[in-house]
Amino acid sequence: GMTATRTVVVKDTTPPVITLQGDAIQNVLMGAPSYTDPGATASDAYEGSVTVSKSGGVDTTKAGDYILTYNATDTSGNTADPVTRTVRVLDTFRPVITLNGAATMPHEAATAYTDLGAGWTDTLDGSGTLTANGTVDVNTVGAYTLTYDFTDAAGNAGVQVTRTVNVV
């Protein structure tokens with residue numbers, strides 16, 4: 001009779017699947033000593049566990065969003081769909097408000113008052129000047145409170161600073 005030969009090639013064509021450990025979006029405070037990445041794992045139908053490589057990094061000294069990308073390839077050359085994690089470095093530092101001049105100032109009645117203002121500094125937003133909220137009635141003897149406020153771009157409010165102007 002006739003002899004037939006059949007060649008069967010067993011081939012792995014299924015890519016591994018990457019699973020993030022921890023949340024896909026993670027928050028870390030600006031100024032933290034470091035960010036500890038919980039990482040990711042990859043499972044493969046044929047090989048079981050596969051090594052995951054990571055690209056990207058996190059700079060905890062600078063606020064912003066950082067993207068970490070995880071990749072895995074099995075020994076048959078099948079590449080997993082990459083998975084990403086967003087690490088948000090959050091600015092939680094309050095700006096500092098500093099008075100120019102004294103916190104309590106005497107002022108001669110019926111003479112023009114010019115306020116010295118205040119300044120602010122912030123780790124991320126830099127620095128600037130502030131004008132007072134409030135008024136001084138130079139024609140009426142009394143104590144007048146001026147306030148200075150500043151909130152940075154991340155929504156962190158500085159501790160309010162006040163000046164008392166005593167019209168005498």
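In the block above lies the structure referred to throughout.
Definitions and limits used
Residues numbered from 1 in each chain as written. Predicted model: local features only at pLDDT ≥ 70, side-chain atom pairs only at ≥ 80, totals over all residues. Heavy atoms only, no water. Helix = DSSP H or I, 4+ residues; strand = E, 2+ residues; numbered from the N terminus. Rg over C-alpha atoms; globule rule 2.2 N^0.38 Å. Buried < 20%, exposed > 50% of the residue type's maximum accessible area, 1.4 Å probe, protein only. Contact = heavy atoms within 4.5 Å. Areas by Shrake-Rupley, 256 points an atom, 1.4 Å probe, with all protein chains shown as cover. Lys, Arg positive; Asp, Glu negative; His and termini not counted. Charge placed at Lys NZ, Arg CZ, Asp CG, Glu CD. Pairing = 2+ DSSP bridges. Core = buried A, V, L, I, M, F, W, Y, C linked by side-chain atoms within 4.5 Å. Axes fitted to C-alpha atoms, helices over the stretch in contact; angles between N-to-C directions. Polar contact = N/O pair within 3.5 Å; in protein donor to acceptor, adjacent residues only side chain to side chain.

A.B. asks: So, the overall build of the protein: which residues are in play, and what are the values?
C.D. replies: Scanning the protein for helices and strands turns up zero helices and 13 strands. Along the protein, helices and strands appear, N-terminal first, in the series β-β-β-β-β-β-β-β-β-β-β-β-β. A globule of 168 residues ought to have a C-alpha radius of gyration of about 15 Å, yet the protein, at 32 Å, is considerably larger. Taking all 168 residues of the protein together, 30% fall into the buried category. Long-range contacts, defined here as pairs at least 24 residues apart, represent 56% of the contacts in the protein between residues at least 6 apart. Summed over its atoms, the accessible surface of the protein is roughly 10300 Å², and 53% of this surface lies on carbon and sulfur atoms. Side-chain charges in the protein split into 8 positive and 17 negative, and the spacing between the mean points of these groups amounts to 10 Å.

A.B. asks: Help me get a handle on the pairing of strand β3 (residues 40-44), residues and values and all.
C.D. replies: Along a regular strand, successive side chains alternate from one face of the sheet to the other. Only one face of β3 is covered, namely the face carrying Ala40, Ala42 and Asp44; the face carrying Thr41 and Ser43 is uncovered. Alignment of strand β1 (residues 17-20) against β3, held across four bridges, turns out to be antiparallel. The residue of β3 that forms the bridge with Thr19 is Thr41. Of the strand pairs in this sheet, β3 and strand β4 (residues 48-50) are connected by three bridges, and their pairing is antiparallel. Opposite Ser43, over in β4, you have Ser49 as the bridge partner. Connecting the antiparallel pair β3 and β4 is a turn made up of three residues.

A.B. asks: If you had to explain the nonpolar core to someone new, which residues and values would you point to?
C.D. replies: Ranked by internal contacts, the top residues of the largest apolar core, which has 16 residues, are Ile18, Val28, Tyr70 and Ala72. Those elements giving two or more residues to this core turn out to be β1, β3, β6 (64-71) and β7 (83-90). Sequence-distant contacts of Val28, defined by excluding residues within four places in its chain, comprise Ser34, Tyr35, Thr60, Val87, Arg88, Val89 and Leu90. Judged by nonpolar contacts, the second largest core, of 14 residues, contains Ile97, Tyr148, Phe150 and Val161.

A.B. asks: Explain the sheet that holds β3 to me, and be specific about the residues and the numbers.
C.D. replies: Pairing in this open sheet of three strands is antiparallel, and the strands run β1-β3-β4 from one edge to the other. What marks the edges here is a single partner per strand, and that holds for β1 and β4. For this sheet, the mean inter-axis angle between neighbouring strands, taken without regard to orientation, is 35°.

A.B. asks: Quick one: what's the story with the sheet that holds strand β9 (residues 104-107), residue by residue and with numbers?
C.D. replies: With mixed pairing, the three strands of this open sheet are ordered in space as β9-β13-β12. Because the sheet does not close on itself, it has two edges, and the strands there are β9 and β12 (142-148). Strand-to-strand, the axes of this sheet are offset by a mean angle of 25°, without reference to chain direction. Two elements, β12 and strand β13 (residues 161-167), share seven bridges in a ladder whose sense is antiparallel. Paired with Ala143 across the two strands is Asn166, which belongs to β13.

A.B. asks: Provide a residue-level description of unusual backbone geometry, including the pertinent values.
C.D. replies: Even without being a glycine, Ala110 presents a positive backbone phi close to 65°. Along the chain, Ala110 falls in the loop between β9 and β10 (118-122). On the basis of relative accessibility, which here comes to 62%, the residue Ala110 falls in the exposed class.

A.B. asks: An account of the environment of Thr61 is requested, with residue identities and associated values reported.
C.D. replies: When you line up the elements, Thr61 lands in the loop between β5 (53-55) and β6. According to the relative accessible area criterion, Thr61 is exposed, its value standing at 54%. Among the polar contacts made by the side chain of Thr61, one reaches the side chain of Asp59 at a distance of 2.5 Å.

Nothing here speaks to function; it is geometry throughout.
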